[in-house]
Amino acid sequence: MQKAKRLLFFAAVLITAVLFVAAPGYTADGKIDINSASAEQLMGLKYVGETIAKRIIEYRDQIQGFKSLEAIMEVKGFGQKAWEANKDKLTLMPYKKQ
């Protein structure tokens, strides 16, 4: 019985990890890629609501992708406070228009 519980737990963890990593907008280390994240993923960041998430995506598409992580602070509403709270959760992959 104990072996079956461990096997089920391992399977659940593995499935969760595969689904999480396979989701666009996330990287293998669980960070949010600001060049592909959806509005919902961006809203998971501290101080980012629906309006700012939409601004990030609109700006990202307008400039054809962020060239640096710090460039996200050019988006109105995503200032130093949001940057400090989220910078360790962000990453930057090459931009692909979605």
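Being a predicted model, the structure only gives us computed values, none of them experimental. (Residues numbered from 1 in each chain as written. Predicted model: local features only at pLDDT ≥ 70, side-chain atom pairs only at ≥ 80, totals over all residues. Heavy atoms only, no water.)

Asker: What is the right way to look at the nonpolar core in this model?
Answerer: Soluble globular proteins tend to bury their nonpolar side chains together. By size, the foremost hydrophobic cluster in this structure holds 20 residues, and its most contacted members are L42, V48, I56, F66, I72 and F78. Secondary structure elements with two or more residues in this core: α2 (39–42), α3 (50–62) and α4 (80–86). With 5 residues, the single largest contributor to this core is α3. For V48, the residues in contact, after removing those within four places along its chain, are L42, M43, A53, I56 and F78. (Core = buried A, V, L, I, M, F, W, Y, C linked by side-chain atoms within 4.5 Å. Buried < 20%, exposed > 50% of the residue type's maximum accessible area, 1.4 Å probe, protein only. Helix = DSSP H or I, 4+ residues; strand = E, 2+ residues; numbered from the N terminus. Contact = heavy atoms within 4.5 Å.)

Asker: Just checking my understanding: could you explain the packing of aromatic side chains for this structure?
Answerer: In this description, an aromatic ring pair is defined by two values, namely the gap between the centres and the angle between the planes. Taken as a whole and assessed by the stated rule, the structure comprises 1 aromatic pair. Geometrically, the ring pair formed by Y59 and F66 is tilted, given 5.9 Å between the ring centres and 45° between the ring planes. Here Y59 and F66 have matching classes, each one buried. (Phe/Tyr/Trp six-rings, centres within 6.5 Å; stacked < 30°, edge-to-face > 60°.)

Asker: Please explain the pattern of salt bridges as it appears in this structure.
Answerer: Side-chain pairing between opposite charges can occur once the charged atoms of the two side chains come close. Per the counting criterion, the structure on display carries 3 salt bridges. In this structure, the salt-bridge partner of K54 is E50, at a minimum N-O distance of 3.0 Å. Of this pair, K54 and E50 both sit in helix α3, 4 residues apart, roughly one helical turn. Assessed through its relative accessible area of 46%, E50 is described here as partly exposed. (Salt bridge = Lys/Arg side-chain N within 4 Å of Asp/Glu carboxyl O.)

Asker: What exactly am I supposed to notice about the environment of D29 here?
Answerer: Counting through the fold element by element, D29 comes out in the loop between α1 (2–22) and β1 (32–33). Looking at D29, the relative accessible area reads 55%, which means it is exposed. Between the C-alpha atoms of D29 and K89, which are 60 residues apart in sequence, the distance is 9.5 Å. At a separation of 3.3 Å, a polar atom in the side chain of D29 contacts the main-chain amide nitrogen of K31. (Polar contact = N/O pair within 3.5 Å; in protein donor to acceptor, adjacent residues only side chain to side chain.)

Asker: Sorry, what's going on with unusual backbone geometry here?
Answerer: Trans peptide bonds make up most of the peptide bonds, and negative phi angles are found at most residues other than glycine. Unlike most non-glycine residues, Y47 shows phi in positive territory, near 70°. Note that Y47 resides in the loop between α2 and α3. Among the residues examined, Y47 registers a relative accessible area of 40% and is labelled partly exposed. One non-glycine residue, Q64, adopts positive backbone phi at about 60°. Looking at the element boundaries, Q64 is found in the loop between α3 and α4. You can call Q64 exposed: its relative accessible area is 56%.

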